[in-house]
Amino acid sequence: MEQLLKRELGCSRVKAVGSSGGGCISEGQSYSTDSGTVFAKINHKSQARCMFDGEKASLEAILSTNTIRVPRPMKVVDLEAGGAVFIMEHVDMKSLNRYAAQLGQQLADLHLHNKRQKEKQNKEQQTVGKGSGRSEVPVIDKFGFHIKTCCGYIPQVNDWQDDWVSFYVQQRLQHQLGLVEQSYGDREARELWASLQLKIPQLFAGVEVEPALLHGDLWSGNVAEYSDGPIIFDPASFYGHAEYELGIAGMFGGFGKHFYNAYHEKIPKAPGFDKRHQLYQLFHYLNHWNHFGTGYRGSSLRIMKELSK
């Protein structure tokens with residue numbers, strides 16, 4: 001790995017520092033180089049390139065909003081023996097503690113960024129002589145993303161759609177349930193889905209959904225803090241409903257009242273939030289079922305039953 005980093009980064013000195021780490025999907029190691037410390041994330045799966053290209057694009061998109069800190073991405077490189085390595089900025093991080101409220105505020109700013117850009121553009125277009133109405137970060141008016149991103153190692157279908165409910169039903173839930181069907185042929189899941197599909201549009205009655213740039217996989221293992229504030233990493237971004245982000249945040253702990261209070265001060269809960277919250281958790285339970293097996297079947301079916309009533 002040292003030789004690869006020397007070649008790809010044009011460094012003369014590379015040395016592994018600290019202990020190696022990793023999550024459920026990839027392994028990682030920090031390296032000291034003559035141009036600073038970098039973090040290399042390594043995965044030997046055949047789909048590693050797709051995963052890391054999507055993650056790099058996600059970090060770049062979040063970085064461009066200037067709302068919340070993420071590690072600065074550098075380069076994705078194929079490994080000769082298969083798989084890939086993703087090289088990014090090393091950040092000294094520790095568990096989220098002091099900056100939970102700031103994380104809530106900054107996450108809300110991330111979610112509001114596209115809407116604010118749109119408002120700014122509209123205002124400039126209506127004001128004679130006040131610029132072109134174009135911003136450095138393009139305004140997005142559809143749901144999706146310009147590249148595949150992976151939640152875990154499963155690629156997400158990010159094809160652009162005008163309608164959020166259609167996007168979420170077809171490209172998130174239906175896609176995951178199709179994978180469940182391939183692997184398990186689960187009759188109860190199939191029957192519950194047939195019933196739930198009819199109910200989903202009602203959960204969005206009277207709710208206007210604006211495309212918001214999402215982290216996409218914001219559980220407690222993907223947030224931390226550094227010396228100056230909160231930091232988020234391992235994204236699986238796309239433009240979607242801001243509420244979607246809070247689905248997995250509510251599943252595995254790690255986010256307390258200071259985070260939620262600060263977030264909802266900027267983005268108040270809309271009517272029907274609690275049922276949509278369950279609907280967004282359903283995606284992640286299905287995704288975990290497809291990643292880790294039938295231990296997540298019960299939670300998936302329970303939500304489908306409750307929302308089908």
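Residues numbered from 1 in each chain as written. Predicted model: local features only at pLDDT ≥ 70, side-chain atom pairs only at ≥ 80, totals over all residues. Heavy atoms only, no water.

- Going by what an unreviewed UniProt entry lists, the chain is known as protein-ribulosamine 3-kinase and is assigned to Pangasianodon hypophthalmus.

## Here's the deal with helix α3 (residues 100–126)
Alright, step 1. Here α3 is 27 residues long and its end C-alpha atoms lie 39 Å apart, about the 39 Å a rise of 1.5 Å per residue gives.
Alright, step 2. Of all the bends in α3, the greatest, near 45 degrees, is centred on Leu 112. (Helix = DSSP H or I, 4+ residues; strand = E, 2+ residues; numbered from the N terminus. Expected span 1.5 Å × (residues − 1). Bend = angle between axes of the 7 residues up to and from the residue.)

## As for the packing of aromatic side chains
Alright, step 1. Taken as a whole and judged by the stated rule, the model has 21 aromatic pairs.
Alright, step 2. Seen from their ring centres, Phe 167 and Phe 238 are 5.8 Å apart, and the 25 degrees between their planes marks the pair as stacked. You can see Phe 167 sitting in helix α4 (residues 164–184) and its partner Phe 238 sitting in strand β11 (residues 238–240), a full 71 residues away along the chain.
Alright, step 3. Phe 167 sits in the buried class, given a relative accessible area of 0%.
Alright, step 4. Relative to Phe 259, the ring of Phe 255 has its centre 4.8 Å away and its plane inclined at 50 degrees; by these criteria the two rings are tilted.
Alright, step 5. Residue class for Phe 259 comes out buried when judged on its relative accessible area of 1%.
Alright, step 6. Taken together, the ring pairs connect Phe 143, Trp 164, Phe 167, Tyr 168, Phe 204, Phe 238, Tyr 244, Tyr 280 and Phe 283 into an aromatic cluster.
Alright, step 7. The aromatic ring of Tyr 153 is capped on one face by Lys 45, whose charged end is 4.6 Å from the ring centroid.
Alright, step 8. Taking NZ or CZ as reference, Arg 172 lies 4.2 Å from the ring centre of Phe 238, over its face. (Phe/Tyr/Trp six-rings, centres within 6.5 Å; stacked < 30°, edge-to-face > 60°. Buried < 20%, exposed > 50% of the residue type's maximum accessible area, 1.4 Å probe, protein only. Lys NZ or Arg CZ within 6 Å of the ring centre and 35° of its normal.)

## Considerations on the domain arrangement of the chain
Alright, step 1. Per the domain assignment, the segments making up the chain are domain 1 (13–92) and domain 2 (95–308).
Alright, step 2. Computed from C-alpha atoms alone, the centre-to-centre distance between domain 1 and domain 2 is 23 Å.
Alright, step 3. Per-residue buried area on domain 1 facing domain 2 is highest for Thr 67, Ile 68 and Arg 69; these three make up 26% of the total on that side.
Alright, step 4. Scanning the region where domain 1 abuts domain 2 turns up 1 salt bridge.
Alright, step 5. Two residues, Asp 234 and Lys 41, come together in a salt bridge whose shortest N-O distance is 2.7 Å.
Alright, step 6. Inspection of the region where domain 1 meets domain 2 yields 3 residue pairs in polar contact (both at pLDDT 80 or more).
Alright, step 7. The leading source of residues in the side of domain 1 that touches domain 2 is helix α2 (residues 48–65), at 12 residues. (Domains from an automatic or database assignment. Buried area = accessible area lost by both parts, 1.4 Å probe. Salt bridge = Lys/Arg side-chain N within 4 Å of Asp/Glu carboxyl O. Polar contact = N/O pair within 3.5 Å; in protein donor to acceptor, adjacent residues only side chain to side chain.)

## Re the pattern of salt bridges
Alright, step 1. This structure, assessed with the given rule, holds 18 salt bridges.
Alright, step 2. Measuring nitrogen to oxygen at the nearest pair gives 3.4 Å for the salt bridge that ties Asp 78 to Arg 49. Of the two residues, Asp 78 sits in strand β4 (residues 73–78) while Arg 49 sits in helix α2, which places them 29 residues apart along the sequence.
Alright, step 3. The class for Arg 49 is partly exposed, based on a relative accessible area of 32%.
Alright, step 4. Between Arg 302 and Glu 306 there is a salt bridge whose closest N-O contact spans 3.7 Å. Placement of both Arg 302 and Glu 306 in helix α9 (residues 297–308) is noted, with a separation of 4 residues, approximately one turn of the helix.
Alright, step 5. Salt bridges here are not isolated pairs; linked through shared partners, they connect Asp 186, Glu 188, Arg 297 and Lys 305.

## Concerning the pairing of strand β10 (residues 229–232)
Each regular strand carries side chains that alternate between the two faces of the sheet.
Alright, step 1. Here strand β9 (residues 223–226) pairs with β10 via 4 bridges, running antiparallel. From the neighbouring strand, Glu 225 faces β10, where its bridge partner is Pro 230. (Pairing = 2+ DSSP bridges.)

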